[in-house]
Every structure is written in structure tokens, then in C-alpha cells.
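Examining the three-dimensional arrangement
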Amino acid sequence: MSMNSNYRADVGHGSAAGSTGATADAGDGRPVTAPALMSLAVTKIARPVATYGDVPRPRLLELLDRAAGKQLTIVRAGAGWGKTVLVSAWAHRRSTPVAWLSLDTYDNDPQRFWTYVVAALRATGALNEDSPLAGMRSVPRDERERRQRILAGFTRLPDQTVLVIDDFHLVDDRQVLGEMDALLRHSSPLRFILVSRTAPALALSRLQAAGQVGEVLAEDLAFTMDEATALLSSHGLALNPDEMSMMLHRTAGWVAGLRLGAAFLTGDGGTRSVADFAGDIRGIDEYFTDEVLAGRPPRQRRFLLESSVCDQMCADLVNAITGAGDGQRMLEDLEHANDFVTRLGPKPVWFRYHHLLHDVLRHRLRLEMPGRVAELHRRAARWYAGRGSVIEALTQAVRGEDWPYAGRLLVGQAGPLLLTAHRGPLIRILRQIPRDVMTSTPELMAGDVLLLFYSGDYEAIPPRVARIRELLRGLPAASRDPAEVLLMALRVAADRAVGDMPSVVAVESEALTSLAESPFHDATAAAQYRAIGLNSRGLARLWTGDIGRAARDLRAATAATKAVGVELAHVNATGHLALLELMHGSVREAAELAGNARRLAERRGWSYTVQAVAAHFAQALVHLERHEPAAAAEAARHGLRAHESEPEAAQRIVSLLVQARLALAHRQPGQARSLLAQAHQDRNERMRVPELDRWVLLLDAEADLAAGSPDRVERRYAALSTGTPSGLAHRVCLARAALDRGEPRRAEELLAVGASTADGSVATVTAGIVAALVADARGRTTRAVDLFAAAVRLAAHEGIRRPFVTLSGSRLTALADRMRLLTPDDPDLTTTMIDDLRTTGQPAAPAPTGGPLSEREAEVVRYLPTMLTAAQIATELGVSVNTVKAHMRSIYRKLDVERRSDAVAQARRLGIL
């Protein structure tokens, strides 16, 4: 269950969005209606609606109209100046799309921030099907890809699309601000409106110089005499001009002050006067306490205080918090009777209190009901958890200092969020838990391990996990099992990071057994953990060389991850299955798998996640086998960028091998050897990847052959303490070395072992070509053509070309020509492929100065580098020794040499050997 595979990556993680009238069980027998199940993410992208005390302010709407024609508009003023109300009213009258995003402190994370931006744009219907943002569940983690993807999406929006970001002053993350700066430097149809209490910390000088920044400030928002008169009239107040002038002077046109003044004047039976209104505005807390809360019925006052523990409220949530059943009526009454309660969205489902009121209510709650605060937070935590809103649930549990429950939430639901857009908020919450508390229960200790994983301290994880699992042994299964699963997932993540693949197999096998045998409190989570676990065990078995079981696990993982919706894990499993097919199966199948994985990653914005690395490298290798080096280099570049996100030891070796293969394709054996040397050096004590070690050895040998050092290949394999690795690809390398050394009989013996189903199409095609060259060298022309034709047919079916290019030369071209003569009914595809190879392979060797060699002379030349005498060559070819000697004299004449050794050297220079 590697944490390197995604649990669920969409914005509304775990939050349900039911259809109208749908119901579900709240966990305590009470039915929960669809509105209560609505994803809390919806409240962040819903435009606030003010329904009480609104005053038409056409001058401000016109001002905002003018400002919004620019690329960026800033609506800036302190709390209570009516910023949000103004922009909401302006947005309501727009005919072009207006997206709305309300921020909170947890949005100081680039991935979470931009994920919500995309969700807000999606909610307007502004994202067409061809938009790069349309299919994304969360934005890319890689910064460069994120910027490119978002900018590409912005450029395809309808003209004059507007994005309103409310409470932008809450953003102080440098990376979020930097990315905003970068995107604002590019023009697009999108117009930004930032609603903020302070000046945004953005580099706006270029936009300001270009006249592309509009502003609406506090002095613009200040109420005029007429507007103030209309506002107070809506409260039933009719003041004379002098009183209105005094009220406006004392509030400086601040709308919150005017509303507080209206509440003051209408209180106490309406006996107060403007003169009684304080000469300067008293503390907000005092005003709200004395003038807003004091006149409320006891039930309503208690409701306001108790419900303030949450940032947004719906009826079902406040009923759970207060223990009453009148939440909907109370919220609607407060909205209609109070300027400081705002509805979120067009329907009366979700609400929020004005920031000023919210702060006062929380303060008064702590003063008046200190013994109730923790319990209210705990009730809220359980409500959120029951709806799958894990971040909100954990936040409430921490605020309520309900540490045991926070631990259970952590192991039961929150841990996998480390791989989603909620990673930043989760880490921030965990860091709020005191250190002494973090070590108080095994579940909270798992949170400490999560922090270790986030910081990249992988070596510290295994011993910590072992210690916590010891502590868990005495707990009931209901408490123990979720913690065990998370801890094993973290252990696997650490093992994958350092490349300890046997440990991954062992831990995942234990975890999968546990999931199958033990009741798990969350069936969905159990199914997702199982799918992720199959993926990790499958790729670990691949790199340990357990190919058959690796294939079964990875195929099961691709089906399971798709079924339960863990798409990042699906990308990872499919990519590794593509690598397996390349090495031990079909190039054609690998191409389809790699393509599917990369397309899904591209749609979702995950191209540069660690889960996509295998798919990129598999695609690069497919292009190499098809002799498409430019496309291979591009896919490899994507793989290297993706690997930067969260490096894994095994994938580091794969990256070096892919680069080495690219170097060989460009006929740069020295560069390939340098990369392979890094693959030998980039190891740690725990790294165990025997299948990758065999792959490194194979490319070492191929680099030796490309450099013209067949003797080095022989020595390399002879030095192995474990003997020659099994597998056709390694025998082919040794056979090529033997053939280059002039030992065709030994090459034939090496290739005589039957092929295995695990050898793969690349090794089979290469073996067929080498076997044909061996048969040709031994004078078995018909067999050589048959072997070559079989290799060509398989290569044509699989789309394989690299082995022909690697081994191209005059003898390969001659075999192709013979094959055409002897197999005229061969498919057109085969003929076309051979024509291509004649132009893409090595340049044709120059002809000997004395004229071309005859077919029999070419056969004799193949024996000259050997130790065979003329008589022995005659025996091999089935002719007389005098015939062989005659051929040798003709060869010397045509090559313009006098001795056998010189003939061998000249034949090699001319490409005959």
C-alpha cells in the first residue's frame, strides 16, 4: 500500500454530492438528506448572497465595470466595508461567466489553491471539453507543468471570463503568490478580481505600467449621504439631515459601523439618539455583544455562540453541534433579520457569519461557555467525518483537543491525503498537535511517521513503524487494523523510496492478507488500499525478477485501481505493466499500455507525478524499439521531470538505463558507459533490485559490443559469481560477442537453448537476426534466410526496428535481398520495413577496390578471423581445399592485400565483417 500511489485525488475527497432527494445513513440511524451530503468544496466556489439590507449602489457597480475590463482588479478595504457584497451584486448582473472562490487559511498550498481555482471555473461551465483543465481532478504537483497547464486552460476560456478570489489576504505562501505573478504576466481571456483586506503581495509594477490594474478602495466603498440614508431607512429609521451627517461622520461611511449604529438606535425600544452613539466607534466585541447579541432570545443567542465553532454551516451540521433540530429555521431567520449572516449559493443550504461577528461569537463562547467548547468541536468533528470531509473533521478534532479521536481519524481516513491536493493542509494540522501529544497514542505516533515521510526521512521510518506496531498489538481489531494498514503503507513507501523491493513484497503481502481476513471499518478505503497494495507488490516483484507473479499482480492492480477510482495508482500500475511487457512480452502491448497511462495522466494533470514515471520511460523504450529516437528522447525528458517530484531508487536506475539506451541509439557507447557507471554507483545499502541489475548488465554488454569490444563482453559474463543470467537477451549478447570474435559455432551453441515465454518480442527478434547471421557465416544460406524472415515477420507485427538498425551492415542487407527472392509472397509491410532499414541503418560499406566479392567468397571471408585452416574451412563449407584456396587468393586480390590477417582487417574496415 505505497503512499506513492494515490488514494483519491479529487478536490472533494471523500465528500459526497447527492442528487436532490437522495438520502444516506448518518451513522447513528438518522437519514441525511442530499444537501447535507453536499461537498464542502461547493461552499468555497459558491457566490455569497446577501438578502437583507441591500442598498442599490449603481456608482460602485459602474466603477467595478470599468475596473473589471482590465486584467486585474483589486477590491481592497478592511473588514466590514462591503467588499464581498459589492462584488457579489456586480457578478449577479454579468452575462459572461463569473467564477467565485472563497479562501481560507488552509489554501496556502499551491496544489490546493489552484485545484479550487479550476473547480470554480468548472462550476461556471466555462471549461469546454477541449480545455486542458476539463478532465483534471487536481492540478499537477509539478510546478512547471501546473503553470503550463493552467495557462493553457486560461487561454481557452470564453472572452471576459472573470475569476473572483475572495479573502485573498489570507494567501501568504510564496509559491502561490509567485505562480499568480507568473500567470498574470501572460494575457488571456480571464480577468481576475481579488477581494482583500490588504494590498496583495504581488509584483504588479508591469501590469500597473500597462494600465491593466483597476482598484476599488475603502474611500470608494464608503457610503455617501444618500446611500447611508437608504441603509438606515431599511432598518426603519428616519433621521433628519443633521443626525445623518453626524452618523456618517462618526462611521466614516463604514457600512459595518452604519449597521451597528442602526442596531444601536433601534435597540431599547428606539429611545436612543444619534448623540448617544459613541463619539468614536467602541470595540467591535462590545458592540456586537451589547447591541447584536444582547437583544436576542436566549435560544437564538445560544445557537449563535454554539454554531460559531464552524466556518460554514448547514442545518444538519448545526443540529449535530447544538443537539437541537431547528437549525434550518434558525439559519434562515438569522439571514433575514441580520446583515451579518450570509447565504452561500442560490439555495438556503450553506451559510456563514460575517468575519466580525464570527470572531466575536467565538470569543464570547470561550468566555461564557468554556466547558462546552471542546464538546462542540468534537461533535462537529464527528459530523464532518461521517460525510468524508476529512480535513474539516481533523481540524475540529484538533481544535477540540480530542486527541484519541484525532488519532483514529488520522489512521482511518486522513493518512492517504498526503498524496492529494490536501497534502499541505494535512501537514499543517499535524504540526499543530503538540509533540508530547503526538507520542501519546499509537495512532498519533503514525502521524509522526507521516511527517517523517513528508520530510523525506525514509531511513527513520522502518524502526519507528516496528515500534508502533508493537504498541498496537494489545488494541482491539477495530482500532488496530486501520493503524496497521496505514503503518504498513508508510513502511512500503519508505522501502520503495530506497529500493528495498523484497521488503515491499513481504510487507504488502502481509497487508493484503490483513485486508482480506480482518474486518475493516471503511469498505471503500479497504478496497482502495487493496488496489494500491497490488500495484506496489506487482512492481516490487517485477524488479525482484518474479515476472509471472508480477504480471498477475499488475494486471489485477490495473483492474482494481480502475474499479475503485484510484486513478493515480492506475497510472502507476499500467506504466509498470508496460515496462514488464517491453522486457518480457510484447512491444505492441507495451505501446498500448504506456499510451493509455500517459493519456490519463495528461487529462488529469498528473504528467509530472512520480506515478507517471514508469509510463513515460516505457513509452521512451517503445519509441526506441521502433527506431524513433527523437520521440524517445521527448518521452524520456518527461519521465526525468516526473521523477524529480518524488525520486525513487528503482526509477532512478530505470532513468539511467533509458538514457543509456538512447545514447546507444545515437551510436555513443562512451556516453552509455558513463550512464551505466552511474547506475552501478547510485546504490544504498538497502537497495535490492536484481532484475534491474540484470538489465544494467545487459546494457553494459551492448555498450561493449557497440564499442567493438567483444572480448570485454566475454570477460564481463565470465566474472559473474552467479553464472550467466538466465534469459534469451543475455545469451544473444554472448552470441553476438562470439560472432564478432569469429566463433560462429559457439554463437550457434549459445542460441540453441529454446526460447521462453518470458523472453519477450525484442529479445526474440534480436535472437532471430543473430541466428540468421550465424547461419549465414556457417554457409547455411537457406536456414539463414528462414531465420531472418521469421524475425522480420515478428518485428513487423510488433513494430520493432531497433535490432535491425543495431546489427545493420552488408550481411544483413544481403540477407534481406535473399529473403525477398526466396519469399516473394511476404507481406508488403515486411518489404516496406526492410526498405526503411536500408535507409535508416548504418551507411552501406564501400565496395572492395578489386570489385565485389562473390557469394561464396563472402562466405569464406567469414572464416578468415578464425583459427581454422583452409582444409578445415573446406570441410565446414563442403568443398575441396583447392576451391577454398582459390577463393582466398581472389579475396586477397579484391581487398588489395597479401596476407590473411591483412584481409581480415580490411574486411572489417569495409563492413564485410
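Residues numbered from 1 in each chain as written. Predicted model: local features only at pLDDT ≥ 70, side-chain atom pairs only at ≥ 80, totals over all residues. Heavy atoms only, no water.

1. Focus on the overall build of the chain
Using the following cut-off: A run of H or I in DSSP becomes a helix once it reaches four residues, and a run of E becomes a strand once it reaches two; helices and strands are each numbered from the N terminus. Remark: exposure states derive from per-residue accessible area (1.4 Å probe, protein chains only) relative to the maximum for the residue type, with buried under 20%, exposed over 50%, and partly exposed in between. Residues count as neighbours in contact if any of their non-hydrogen atoms are within 4.5 Å of one another.
Helix and strand counts for the chain stand at 47 helices and 10 strands. Within the chain, the fraction of its 913 residues that count as buried is 58%. Pairs at least 24 apart in sequence give 71% of the contacts found in the chain among residues at least 6 apart.

2. Some remarks on the nonpolar core
Let me state the cut-off plainly: Here, nonpolar core refers to any group of buried Ala, Val, Leu, Ile, Met, Phe, Trp, Tyr and Cys residues whose side-chain atoms link them within 4.5 Å.
Core analysis: the largest hydrophobic core is formed by 105 residues, its most contacted members being Trp543, Leu692, Trp695 and Phe788. When residues of this core are assigned to their parent elements, the largest contribution, 12 residues, is made by helix H39 (residues 760–777). Excluding residues that lie within four positions of it along the chain, tryptophan 695 makes contacts with Trp543, Met583, Leu621, Val654 and Leu657. Listed in part, the 80 residues of the second largest apolar core include Phe288, Tyr405, Val437 and Leu452.

3. Re the side chain of threonine 73
Mapping threonine 73 onto the fold places it in strand S4 (residues 72–76). Sequence-distant contacts of threonine 73, defined by excluding residues within four places in its chain, comprise Leu64, Ala67, Ala68, Phe192, Ile193, Leu194 and Gly214.

4. Quick notes on unusual backbone geometry
In the Ramachandran plot, histidine 627 falls in the positive-phi region, its phi being about 60 degrees despite a non-glycine side chain. Mapped onto the secondary structure, histidine 627 falls in the loop between helix H31 (613–625) and helix H32 (629–643). With a phi angle near 60 degrees, aspartate 896 is a residue other than glycine that sits in the positive phi range. For aspartate 896, a relative accessible area of 62% gives the class exposed.

5. Quick look at the packing of aromatic side chains
Selection rule: Between the rings of Phe, Tyr and Trp (Trp by its six-membered ring), a pair exists once the centres lie within 6.5 Å; its type follows the angle of the planes, with under 30 degrees stacked, over 60 edge-to-face, and the other angles tilted. A ring is scored as having a charge over it whenever the NZ atom of a lysine or the CZ atom of an arginine sits within 6 Å of its centre and within 35 degrees of its normal.
Evaluated as defined, the whole model comprises 6 aromatic pairs. Look at phenylalanine 154 and phenylalanine 192: their rings are 6.0 Å apart centre to centre, the planes differ by 70 degrees, and that puts the pair in the edge-to-face class. Of the two residues, phenylalanine 154 sits in helix H6 (residues 143–155) while phenylalanine 192 sits in strand S7 (residues 190–196), which places them 38 residues apart along the sequence. With 6.4 Å between their ring centres and 70 degrees between their planes, tryptophan 350 and tryptophan 383 make a pair best called edge-to-face. Of the two residues, tryptophan 350 sits in strand S10 (residues 350–353) while tryptophan 383 sits in helix H18 (residues 370–386), which places them 33 residues apart along the sequence. Of the two residues, tryptophan 350 and tryptophan 383, neither departs from the other in class, the shared state being buried. Among the aromatic residues, ring-to-ring pairing joins Trp350, Trp383 and Tyr384 into one connected group. When the ring centre of tyrosine 116 is taken as reference, the NZ or CZ atom of lysine 44 above it lies at 5.0 Å.

6. Re the pattern of salt bridges
To keep it simple, the criterion reads: Only one rule defines a salt bridge in this text: a Lys or Arg side-chain nitrogen within 4 Å of an Asp or Glu carboxyl oxygen.
Overall, the coordinates contain 57 salt bridges when judged by the stated rule. For arginine 299, the salt bridge goes to aspartate 326, with nearest N and O atoms at 2.9 Å. Highlighted residues: arginine 299 in helix H14 (residues 298–307) and aspartate 326 in the loop between helix H15 (315–322) and helix H16 (327–337), separated in sequence by 27 residues. Of the residues examined, arginine 299 reaches a relative accessible area of 30% and is grouped as partly exposed. Residue aspartate 500 pairs with arginine 688 through a salt bridge whose shortest N-O separation is 2.5 Å. Here aspartate 500, found in the loop between helix H25 (477–498) and helix H26 (501–517), pairs with arginine 688, found in the loop between helix H34 (669–681) and helix H35 (690–706); they are 188 residues apart in sequence, far enough to count as distant. Since its relative accessible area comes to 42%, arginine 688 is described here as partly exposed.

7. Considerations on the sheet that holds strand S8 (residues 213–216)
Going by this rule: Pairing between two strands is assigned when DSSP locates at least 2 bridges connecting them. Each axis is a line fitted through C-alpha atoms, taken for helices only over the stretch in contact, and angles between the N-to-C directions span 0 to 180 degrees.
Spatial ordering of the open sheet is given by S5-S6-S7-S4-S8, a layout of 5 strands whose pairing is parallel. The strands lining the two open edges of the sheet, one partner per strand, are strand S5 (98–102) and S8. Strand-to-strand, the axes of this sheet are offset by a mean angle of 15 degrees, without reference to chain direction. In this structure, S4 lies alongside S7, joined through 5 bridges in parallel fashion. The residue of S7 that forms the bridge with threonine 73 is isoleucine 193. Lying over the sheet, helix H4 (residues 83–92) contacts S4, S5, strand S6 (161–166), S7 and S8, oriented at roughly 155 degrees with respect to S7.

8. Notes on the sheet that holds strand S3 (residues 48–49)
What holds strands together in a sheet is hydrogen bonding between their backbones, with the strands either parallel or antiparallel. Read from one edge of the open sheet, 3 strands run S3-S9-S10, paired in antiparallel fashion. Both outer strands of the open sheet, S3 and S10, are each paired with one neighbouring strand and no more.

9. Notes on the packing of helix H33 (residues 649–665) against H34
Selection rule: Angle categories are assigned with fixed cut-offs, so that under 35 degrees is roughly parallel, over 145 is roughly antiparallel, 65 to 115 is roughly perpendicular, and the rest are oblique. Think of it as three bins: nonpolar holds Ala, Val, Leu, Ile, Met, Phe, Trp, Tyr, Cys and Pro, charged holds Asp, Glu, Lys and Arg, and polar takes everything else, Gly as well.
Running from N to C, H33 and H34 point in directions that differ by 170 degrees, and their axes come no closer than 8 Å. Between H33 and H34, the interaxial angle falls into the category roughly antiparallel. Counting all contacts with H33, which are made through Arg652, Ile653, Leu656, Leu657, Gln659, Ala660, Ala663 and Leu664, the residues of H34 involved are Pro669, Gln671, Ala672, Leu675, Leu676, Gln678 and Ala679. Among the residues forming the contact of H33 with H34, the class breakdown is 11 nonpolar, 3 polar and 1 charged.

10. Describing the pairing of S5
Along S5, 5 of the 5 residues are buried, which leaves the element largely enclosed by surrounding structure. Residues of S5 alternate between two faces, with Val98, Trp100 and Ser102 on one and Ala99 and Leu101 on the opposite face, all of them buried. Of the strand pairs in this sheet, S5 and S6 are connected by 5 bridges, and their pairing is parallel. Bridge pairing in S6 links serine 102 to aspartate 166.

11. Quick look at the side chain of serine 503
The residue serine 503 is located in helix H26 in this model. A relative accessible area of 9% places serine 503 in the buried class. Each residue touching serine 503, except ones within four places of it in the same chain, is listed here: Arg491, Asp495 and Arg688.

12. As for the packing of H18 against helix H20 (residues 403–414)
Direction vectors running N to C along H18 and H20 enclose 10 degrees, while the axes themselves pass 12 Å from each other. As the angle between them shows, H18 and H20 are arranged roughly parallel. On H20, the residues touching Ala381, Arg382 and Ala385 of H18 are Tyr405, Arg408, Leu409 and Gln413. When the residues that make up the contact of H18 with H20 are grouped by side-chain class, the tally is 4 nonpolar, 1 polar and 2 charged.

13. Some words on the pairing of S6
Going by this rule: With the strands pointing away from the viewer, any crossover whose connection runs clockwise from the first strand over the helix to the second is right-handed.
Within S6, 6 of the 6 residues are buried, which leaves it mostly tucked inside the rest of the structure. Neither face of S6 is exposed, since Thr161, Leu163 and Ile165 on one face and Val162, Val164 and Asp166 on the opposite face are all buried. As paired elements, S6 and S7 share 6 bridges and run parallel to each other. When the sheet's bridge partners are listed, isoleucine 165 is paired in S7 with leucine 194. As for the winding sense of the linkage, the β-α-β connection from S6 through helix H7 (residues 174–184) to S7 is right-handed.

14. Let's talk about helix H24 (residues 461–472)
Where we set the bar: Here a helix's expected span is defined as the number of its residues, less one, multiplied by 1.5 Å. Arc definition: it is the arc formed by the directions from the helix axis to the C-beta atoms.
Compared with the 16 Å implied by 1.5 Å per residue over 12 residues, the 16 Å span of H24 between its first and last C-alpha is a close match. Those residues of H24 that fall on the buried side of the exposure criterion are Ile461, Pro462, Val465, Ile468, Arg469 and Leu472. Buried positions in H24, seen along its axis, are confined to an arc of 130 degrees and lie on one side of it. For H24, the elements touching its buried residues are helix H23 (442–455), H25 and H26.

Purely geometric numbers; function is a separate question.
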